[in-house]
Amino acid sequence: MTEKLLSELTTAQVGGPAKTYVRATSEAEIIEAVSAADAAGEPVLIVGGGSNLLVSDEGFNGTVVHIASEGVEVLPIPACGGANVRVQAGTIWDDFVKLSIENEWVGPAALSGIPGTVGATPVQNVGAYGVEVGEFIASVRTWDREKNTRKTFASADLRFGYRDSVLKRATVNGSPRYVVLTVDFQFTLGSLSSPIRYAELARSLGVEPGQRAESALVRQKVLELRGSKGMVLNPEDRDTFSTGSFFTNPIVPRSTLDSLPEGAPNFPVVVKTSPFTAGVEDSDHVKLSAAWLIQHAGFEKGFGLEGESREIAQGRASLSTKHTLAITNRGGASAEDIFAIARAVRDGVRERFGVTLVPEPVVVNGEI
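Residues numbered from 1 in each chain as written. Predicted model: local features only at pLDDT ≥ 70, side-chain atom pairs only at ≥ 80, totals over all residues. Heavy atoms only, no water.

An unreviewed UniProt entry annotates the protein as UDP-N-acetylenolpyruvoylglucosamine reductase originating from Rothia mucilaginosa M508. Of the protein, the UniProt comment under Pathway (unreviewed entry) reads exactly: "Cell wall biogenesis; peptidoglycan biosynthesis." Here the protein is described in UniProt, under the heading Function (unreviewed entry), as follows: "Cell wall formation." (UniProt positions renumbered as here; feature names shortened; annotations may be inferred.)

Structure representation (structure tokens):
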């Protein structure tokens, strides 16, 4: 146990001190740290890569368990062929994506460049460029803090949704009930990617949506696209000191389109009843573009706060200069600086369009 500032553990580099900090490098250490804190009645904060976490300047008055277990194990091949792979929760996600391409495990290439750890991906059902991690998760082993026992979830039991899962919704004493220990993936084999669903990525690859491309090339193009938007961690680029996309794309009743400008982008909402089916379209709802709403509510790239004004300012915090969805630490920002930008954007979009944006990162001991 050592003293630690949460700003040292998060990609936005904000957050005050942890009362107690434990770095857990194995499954046993994770369970021991969490169980000891629960037995003592201490609040618990689970931290992986810190890429989806904003902690207040006051910090966290409890035990921070830093998940640092690493390892990839290839399991016996299933009867249906392909590959089964078990990954420790603290493994760096992008390292695993790179490994999957080297081993011709089909699926994760479009999720290249996403910061954080493997254990965090099923909680949020991480997704990008038309792919979600839940599509190739077979099961997740967890520590159930309520029953003090290990619990394994089959993919169907995780009830994956848009940036959502049972793991995200279930809580105990205000924090996640289930702590991810390992994630099992099931892949088909091949050098070609899964079908390319995202138009921007398809254009960069020179293919039509629905076609496949070499997974290594998909990774290269995704890293280029994400890099152009400041969405790949780079210590020399302040636009990457963020939590990535700050707001989720809102899912709203279809009738909401009547109050939006003609041409406002919207996308179908697909509901999956099983991880093995394509899903069906929800005819009553549509998904809007949070980035479009932000920009058309008057918030341009680089928007910052100077006193009470809404002038673009390269101060301590601002919207990314590359992408309106990220709120960046320009250097020396406090958590409150980032919260203030988020509130201004959220309130401005609601005032202009009547749509309330929902933050994607987990906010600890603070309010937006």
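**Q** Any chance you could break down the overall build of the protein for me, citing the residues and the numbers?
**A** Looking only at helices and strands, the protein has eight helices and 21 strands in total. On C-alpha atoms alone, the protein measures out to a radius of gyration of 20 Å, which is about the 21 Å that the 2.2 N^0.38 rule sets for 368 residues. A buried classification covers 52% of the 368 residues belonging to the protein. Once local pairs closer than 6 in sequence are excluded, the contacts in the protein between residues at least 24 apart make up 61%. Per element, the accessible surface of the protein, about 16700 Å² overall, is 49% carbon and sulfur. Side-chain charges in the protein split into 35 positive and 44 negative, and the spacing between the mean points of these groups amounts to 2 Å. (Helix = DSSP H or I, 4+ residues; strand = E, 2+ residues; numbered from the N terminus. Rg over C-alpha atoms; globule rule 2.2 N^0.38 Å. Buried < 20%, exposed > 50% of the residue type's maximum accessible area, 1.4 Å probe, protein only. Contact = heavy atoms within 4.5 Å. Areas by Shrake-Rupley, 256 points an atom, 1.4 Å probe, with all protein chains shown as cover. Lys, Arg positive; Asp, Glu negative; His and termini not counted. Charge placed at Lys NZ, Arg CZ, Asp CG, Glu CD.)

**Q** Go over the pairing of strand S12 (residues 149–154) with me, naming the residues and quoting the values.
**A** In terms of strand pairing, strand S11 (residues 137–144) meets S12 through six bridges, oriented antiparallel. Within the sheet, the bridge partner assigned to Trp143 lies in S12 and is Arg150. Linkage of S11 to S12, two consecutive antiparallel strands, is achieved through a turn of four residues, within which Asn148 is found at a positive phi near 50°. (Pairing = 2+ DSSP bridges.)

**Q** Pulling in residues and values, what's your account of the side chain of Ser112?
**A** With respect to the secondary-structure elements, Ser112 resides in the loop between strand S8 (105–106) and helix H3 (121–124). Among all residues touching Ser112, those that are not within four sequence positions of it are Asp94, Val97, Arg219, Val222, Leu223 and Arg226.

**Q** An account of the sheet that holds strand S16 (residues 251–253) is requested, with residue identities and associated values reported.
**A** The strand order S16-S18-S17 describes an open sheet built from three strands, whose pairing is antiparallel. Each edge of the sheet is formed by a strand with only one pairing partner; in this case those strands are S16 and strand S17 (266–271). Ignoring which end each strand starts from, the neighbouring axes of this sheet average 55° apart. Two elements, S17 and strand S18 (residues 280–288), share five bridges in a ladder whose sense is antiparallel. Along S18, the bridge assignment pairs Asn266 with Leu288. (Axes fitted to C-alpha atoms, helices over the stretch in contact; angles between N-to-C directions.)

**Q** Lay out the UniProt feature "active site" (unreviewed entry) in the protein with the relevant residues and their values.
**A** Mapped onto this numbering, the UniProt entry annotates "active site" (unreviewed entry) at Arg163, Ser245 and Glu360. Taking the farthest pair of C-alpha atoms as the criterion, the annotated set spanning 198 residues converges on one region, since that pair is 11.7 Å apart. One can find Ser245 in the loop between helix H6 (215–228) and S16. Residue classification places Ser245 among the partly exposed residues on the basis of a relative accessible area of 25%.

**Q** Got a sec to walk through the domain arrangement of the protein? Specific residues and values, please.
**A** As assigned here, the protein comprises domain 1 (2–65), domain 2 (70–223) and domain 3 (236–362). Between domain 1 and domain 2, the C-alpha centre-to-centre distance is 24 Å. With twelve residues of domain 1 at the interface, the matching set in domain 2 holds twelve residues. Of the roughly 1100 Å² buried where domain 1 meets domain 2, counting both sides, 57% is carbon and sulfur surface. At the junction of domain 1 with domain 2, the criterion picks out three salt bridges. In this structure, the salt-bridge partner of Glu27 is Arg141, at a minimum N-O distance of 3.0 Å. If you list the elements that add at least two residues to the side of domain 1 that touches domain 2, you get helix H1 (27–39) and strand S3 (44–47). When residues in the side of domain 1 that touches domain 2 are grouped by element, the largest group, six residues, is from H1. (Domains from an automatic or database assignment. Buried area = accessible area lost by both parts, 1.4 Å probe. Salt bridge = Lys/Arg side-chain N within 4 Å of Asp/Glu carboxyl O.)

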